[in-house]
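Inside the fold
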There are 4 protein chains.
Amino acid sequence: MPICYPANKTAFNIVRCGYIELGVRDLQKSRNFYIDILGLIETQEKDGSIYLRGLEERCHHSVVLTKSESSCVLRMGFQVENEHHLSLLHADLQQTNLYSNFTSAYGVERILQTVDPLGMPIEFYTSMSQVSRSLQKYGSYKGCRPMRLDHFNCFTPDVQKSHDFYSGQLGFHLTEYTETDSENPELWAVWMQRKGNVHDLALTNGVGPRLHHLAFWCPAVTDIIHLCDVMSTTGYLKNMERGPGRHGISNAFFLYVRDPDGHRIELYSSDYLTVDPDFVPIRWGLHDAQRQTLWGHAAPKSWFEEGSHFINTTTSEPQLQAQPIVAN
Amino acid sequence: MPICYPANKTAFNIVRCGYIELGVRDLQKSRNFYIDILGLIETQEKDGSIYLRGLEERCHHSVVLTKSESSCVLRMGFQVENEHHLSLLHADLQQTNLYSNFTSAYGVERILQTVDPLGMPIEFYTSMSQVSRSLQKYGSYKGCRPMRLDHFNCFTPDVQKSHDFYSGQLGFHLTEYTETDSENPELWAVWMQRKGNVHDLALTNGVGPRLHHLAFWCPAVTDIIHLCDVMSTTGYLKNMERGPGRHGISNAFFLYVRDPDGHRIELYSSDYLTVDPDFVPIRWGLHDAQRQTLWGHAAPKSWFEEGSHFINTTTSEPQLQAQPIVAN
Amino acid sequence: MPICYPANKTAFNIVRCGYIELGVRDLQKSRNFYIDILGLIETQEKDGSIYLRGLEERCHHSVVLTKSESSCVLRMGFQVENEHHLSLLHADLQQTNLYSNFTSAYGVERILQTVDPLGMPIEFYTSMSQVSRSLQKYGSYKGCRPMRLDHFNCFTPDVQKSHDFYSGQLGFHLTEYTETDSENPELWAVWMQRKGNVHDLALTNGVGPRLHHLAFWCPAVTDIIHLCDVMSTTGYLKNMERGPGRHGISNAFFLYVRDPDGHRIELYSSDYLTVDPDFVPIRWGLHDAQRQTLWGHAAPKSWFEEGSHFINTTTSEPQLQAQPIVAN
Amino acid sequence: MPICYPANKTAFNIVRCGYIELGVRDLQKSRNFYIDILGLIETQEKDGSIYLRGLEERCHHSVVLTKSESSCVLRMGFQVENEHHLSLLHADLQQTNLYSNFTSAYGVERILQTVDPLGMPIEFYTSMSQVSRSLQKYGSYKGCRPMRLDHFNCFTPDVQKSHDFYSGQLGFHLTEYTETDSENPELWAVWMQRKGNVHDLALTNGVGPRLHHLAFWCPAVTDIIHLCDVMSTTGYLKNMERGPGRHGISNAFFLYVRDPDGHRIELYSSDYLTVDPDFVPIRWGLHDAQRQTLWGHAAPKSWFEEGSHFINTTTSEPQLQAQPIVAN
């Protein structure tokens, strides 16, 4: 059976996707892109890193840009309910012989690091320092008015195996999925959530593990259209990769852009609530054209092929990648 | 200490506000209002009741309109994670000597009824029959495009006591609150959530228990503005009570309207995510003018005074009400 | 010099583009498309024709759909200030030996027919019967809420020659234009106005004369996005040809769709005012990618090649067409 | 007969309302309000004046803020088609014994000054220096994204007499009007246009002549809502006087704000086209509640009573005012 729901009921509660740290080659170029163009708020610049958050976020940061030799993903974290839950999660990882290690960073004292069965490094934490929200500082709204980190989307060479880990061991709920159209359909992509909307983590068939994109939630269609107008007239025309459009999957209104280092960012609006315990995941066939874009537009080749590599937590080298086991 | 957070960690998980059944005097007038004007979807008309849902909802109904001699609230339900949790909740209510009774309705076999310490009848259930969603049936979008039931707001004569019950016994999380501006501030209103946005249930100081309003979440400011245009030109001008405007509390863009029986409906958009376990509730002083409307508009007198009475579950008579203990 | 401005000051005043009559093969299919999907208002169905108007229009019709053996353009009319002006225009056409003939139709007693120097049949009239506007009948808003006919866009084999006629003889003002990028640039497309926005008539290099599209002005970006959602989920996915997007030229937010007979309709929003007598036309190079779409999206091949043929006024046969003199 | 239409056909063509010069007491406060909050573009600061324009405007300025001892209106100008027309208008004014004088200012060599029969100083000009438009400089969009000056609205003590002058002598077209509800209705307010939308000049019954407000056209409802959010959270809460709302008259979505000197500014969106020569003005009764606000909201007392006084062109003293002849 390719999918399982509801997810395994875990002893620990993963709350939501929490932060991502991106390696970027030129901090000033990145600052211009993320702050002046997209409209994120800068919390702090310190030791070669810029800490950013969305307009409604009260956590210290959801995105960290760190000066780096190459474009890469340095860390990707999920928030857990409390320290006790973090310990339960730690024990659970140890029991299944997955790598686990506690570290600290960004003033967060206890960050649990692991590597998922496909080689993707992920982290868990419970809390970070709080700052004031900008939600009602309307005078500082810019760009597409990004409110909050919404989700991560990653390439994996084995969607079924990834799904089984995140659903079976970590308790992520499947909300929508794509299967191949063969007689014995194989999972091709999954959207999985913890915070109650369509996803905190999506996994897509491809060379991986790699980050496909991170997404910010924006309040309105008009904000995303405005970003198209801004990017296309401020020197960022070539950074617009796909959209604007409406996904069949998730029903979200989207725009995909590339940052100065090629990291892909989705600006995302208007999905739906998924907290119902009797929620039944929505199935899409791989060749349903409206799955990707309700309006029929094709995604460019780059969108299927390009992604950001992860840095191996222990070696600090690029994480090895594998070819997908399901043919595209 | 007037507020407590985080909420008590309960053994059972209340998922969200789920349904409300309103007594209405003329089903056809109500149908016109809820379906043609607001844009809700009719699931079924049966035995003197019309069952309605929002565009994204897959549950059988979130609002039931039942032919009645007088305008009243017949039932108000919250969804619970599963049948085991419902039993745990049942045990918990019995242990604190609160009324509890299992009944069935709408094809839901096991509905747990109770009455909160201030006399407000509430119900709990785990699941109802599923129907197709209209989220991607864009041709059927009308009115303000109401997506889903968002919350209930009720008058209570003792906000502190109500808060203590919903936080301490049922595990609702406080997100925002209003206090009097005295040296020993008293709780005047609370916004409490289970599903991860600003509220599933708000409680306001006033003659109660009474329903102040129920709210539907709408996708965009423009949808709510369109409803103003529609109502004011289709004979519903006098049913527009307050707004459109922006609440300081919750940051929501709102419009309050009255249905043909006087039940108050809020059309609600653009609040924020509250799932963080380290979320700190936001405090507002009672005389902060921007608390109610960020733009400074005053609410009309009716908004503070009028509400819908509940029907006593056991007697089928109107529920007794008490004067608020905090002076307005 | 390829362009001339200001336009010739004529003795007569052409006010705006006024109506278009399209030959369609199945009235019911067309009705569904124009009324249920796009949201136009039906004034009348009579003698095999459906008369349509936009939400703010008080004229009897701006579009007529007439049952026909083949898809074609039957008439295309411009409004003139008064009967005296119509006579002056008549005299002017006679003086330049252009075909001119008075006829009546749709209850309009005096319609002046002519054929432009490239063979495109056009008509002029001063007034038609008035009906009530739907601008404040918000309950009848549907689809993309089309407000009014905005412009016609036509293929011509010789843009320079067409431009010279409409500017020099009819007094149309050039607002924007595309030139080839050669040393001796040739006019490739022109946008010309009478009513004070970007255009009443655009002329594009191509096999012609043919109608490229007619356009309706819509109030908001969100209305056009909604039409995308509606068309893609009501069986009209394949009728969406291009967009949504932002034109560099005119700055308009656009969507191009095809009606059941292949006639192309643009839904158009947010251009600008052009009434200034010292207005200087805006030049675009043919290979400027942002000219067509500010966001860089390419138009499909069909958009450059397909159009609706005109019916020759005197023979009732399809109007002969010529290849464009400027290479594409 | 209280109204006359169509307007007198004049030998000269007044194109549109063109500029207004406001006396302000603190240039820096005004700059902050008009540029940082509203979002106008600064063309130049020179000799104690700041020259402003809207995002689509290519004229040097539409608003001039000039350091002044008191809050007042220094000049108010309308654009005329060409110098010959200006001379014809001059002759026309002389023939009716109205004050007329040529002056120059802002680099405009030939400005024709007059005073209307009710004592309101107005000016006429044909052209000013051109600057680049910001329409496609989306990175500079701020505030409510004001596109262009839309109209002036002025108090007059005798609406009928003012109307007769602007319609009969200057050729302004009446589009909508308010009459008293008596048996012999008297004109109470008129909306008159030259550029083809609802108005370039509105005249309202009241102590006058005074400026009631000037208006900027904004592209979308969402832009005006955003301005509400910005003003209410940046220290300008008390400058929000009325709205947001929908006018019955003109159908415009509006917000009225007061600048730091009390000058009233309307942010205005979504009216309609009025170029049809057979356009019939729309009548409203004075006591029709939806005339002012379609949604039924009352305007505050200040809105009916307060306005900016004009400076007498010849004496440089405040222009004398008279009580309205029609009772309010």
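Residues numbered from 1 in each chain as written. Chains lettered and ligands numbered in written order. Predicted model: local features only at pLDDT ≥ 70, side-chain atom pairs only at ≥ 80, totals over all residues. Heavy atoms only, no water.

Quick word on the overall build of chain A
For the record, the criterion: In this description a helix means any DSSP run of H or I spanning at least four residues, a strand means any run of E spanning at least two, and both kinds are numbered starting from the N terminus. With C-alpha atoms as the basis for the radius of gyration, the globule rule is written as 2.2 Å multiplied by the number of residues raised to the power 0.38. Exposed residues in this analysis have more than 50% of their type's maximum accessible area, buried residues have under 20%, and partly exposed residues fall in between, with area computed by a 1.4 Å probe over protein chains only. Should any heavy atoms of two residues lie within 4.5 Å, those residues are considered in contact. What sets the accessible areas is the Shrake-Rupley method with a 1.4 Å probe; for residues, cover comes only from the shown protein chains. Under the convention used here, Asp and Glu are negative, Lys and Arg are positive, and both His and the chain ends fall outside the count. Working definition for charges: the position is that of NZ of Lys, CZ of Arg, CG of Asp or CD of Glu.
In terms of regular secondary structure, chain A is built from 6 helices and 18 strands. Taking 328 residues into account, the globule formula puts the C-alpha radius of gyration at 20 Å, and chain A, at 19 Å, falls close to it. When the backbone C-alpha atoms are referred to their principal axes, chain A occupies close to 50 × 45 × 40 Å. Out of the 328 residues belonging to chain A, those deemed buried represent 66%. A fraction of 70% describes how many contacts in chain A between residues 6 or more apart in sequence connect residues 24 or more apart. Working note: accessible area of chain A is about 11,000 Å², and carbon and sulfur atoms make up 50% of it. Measuring between centres, the 28 positive side-chain charges of chain A sit 5 Å from its 37 negative side-chain charges.

Here's the deal with the interface of chain D and chain C
Selection rule: Buried surface area refers to the total accessible area, computed with a probe of radius 1.4 Å, that the two partners give up upon joining, counted for both partners together. A pair is scored as a salt bridge if a Lys or Arg side-chain nitrogen falls within 4 Å of a carboxyl oxygen belonging to Asp or Glu. Here a polar contact is recorded for every N or O atom pair within 3.5 Å, except that within protein the pair must consist of a potential hydrogen donor and a potential acceptor, and residues adjacent in sequence are included only if both atoms are side-chain atoms. Any residue outside Ala, Val, Leu, Ile, Met, Phe, Trp, Tyr, Cys, Pro, Asp, Glu, Lys and Arg is labelled polar, Gly included; the first ten of those are nonpolar and the last four are charged.
Residue-level contacts link 36 residues of chain D with 36 residues of chain C. Between chain D and chain C, the buried area comes to about 3,000 Å², and carbon and sulfur atoms account for 47% of it. The tally of links between chain D and chain C comes to 4 salt bridges. A salt bridge links Asp276(D) to Arg16(C), with the shortest nitrogen-to-oxygen separation between them at 2.6 Å. The interface formed by chain D and chain C holds 22 residue pairs in polar contact (both at pLDDT 80 or more) in total. Elements with a contribution of two residues or more to the side of chain D that touches chain C: strand 1 (14–24), strand 5 (72–80) and strand 17 (282–285) of chain D. Each residue belonging to the side of chain D that touches chain C can be placed in one class, and the counts come to 15 nonpolar, 8 polar and 13 charged.

Regarding the relation of the copies chain D and chain B
For clarity, the cut-off: To superpose the copies, least squares is applied to the C-alpha atoms of every residue with a pLDDT of at least 70 in both.
Placing chain D over chain B gives an RMSD of 0.0 Å and needs a rotation angle of 180°, together with 0.0 Å of translation along the axis. Both copies are brought into coincidence by an operation consistent with a two-fold rotation axis. If distances are taken from each C-alpha of chain D to the rotation axis, the shortest is found for Thr222(D), at 3.5 Å. Both copies share a contact surface, since 100% of the interface residues of chain D are interface residues in chain B too.

Structural notes on the interface of chain D and chain B
The interface of chain D with chain B comprises 18 residues on the first partner and 18 residues on the second. Summed over both sides, the interface between chain D and chain B buries roughly 1,400 Å², with carbon and sulfur atoms accounting for 66% of that surface. The three residues of chain D that bury the most area against chain B are Ile225(D), Asp229(D) and Trp295(D), which together make up 35% of that side's buried surface. The tally of links between chain D and chain B comes to 2 salt bridges. Residue Arg246(B) pairs with Asp229(D) through a salt bridge whose shortest N-O separation is 2.6 Å. Between chain D and chain B we count 8 residue pairs in polar contact (both at pLDDT 80 or more) in total. Those elements that provide at least two residues to the side of chain D that touches chain B are helix 4 (221–232) and strand 14 (240–246) of chain D. Considering every element that reaches the side of chain D that touches chain B, the biggest residue donor is helix 4 of chain D, with 6 residues. For the side of chain D that touches chain B, the class distribution of residues is 9 nonpolar, 7 polar and 2 charged.

Some thoughts on the domain arrangement of chain A
Residue and element names in this part refer to chain A. Filter applied, for reference: Where each domain starts and ends follows an automatic or database-derived domain assignment.
Each domain of chain A was delimited in the assignment, giving domain 1 (14–125) and domain 2 (144–309). Measuring from the centre of the C-alpha atoms in domain 1 to the corresponding centre in domain 2 gives 19 Å. Taken together, the contact pairs 45 residues of domain 1 with 44 residues of domain 2. Here domain 1 meets domain 2 over a buried area of about 3,600 Å², counting both sides, of which 69% is carbon and sulfur. The interface formed by domain 1 and domain 2 contains 2 salt bridges. Among the ionic pairs, aspartate 261 bridges to arginine 25, the shortest N-O distance being 2.6 Å. Viewed at the interface, domain 2 and domain 1 are joined by 18 residue pairs in polar contact (both at pLDDT 80 or more). Looking at the side of domain 1 that touches domain 2, the elements with two or more residues in it are strand 1 (14–24), helix 1 (27–38), strand 5 (72–80), helix 2 (83–95) and strand 8 (121–125). Ranked by the residues each element gives to the side of domain 1 that touches domain 2, the list is headed by strand 1, at 10 residues.

Structural notes on the sheet that holds strand 3 (residues 49–53) of chain B
Residue and element names in this part refer to chain B. Selection rule: Strand pairing is assigned whenever DSSP identifies at least 2 bridges connecting the two strands. Here the axes come from fitting lines to C-alpha atoms, over the contacting stretch only for helices, and the angles between their N-to-C directions go from 0 to 180 degrees.
Spatial strand order, 2-3-4-1-5-8-7-6: 8 strands in an open sheet with mixed pairing. Lying at the two open borders of the sheet, with one neighbouring strand each, are strand 2 (41–46) and strand 6 (100–105). In this sheet, neighbouring strand axes are inclined to one another by 25° on average, regardless of whether the strands run parallel or antiparallel. Judged from the 4 bridges that link them, strand 3 and strand 4 (residues 63–67) form a sheet pairing that is antiparallel. Bridge pairing in strand 4 places serine 49 opposite threonine 66. On top of the sheet, helix 2 (residues 83–95) reaches strand 5 (72–80), strand 6, strand 7 (108–115) and strand 8 (121–125); it is set at about 25° to strand 7, its chief contact.

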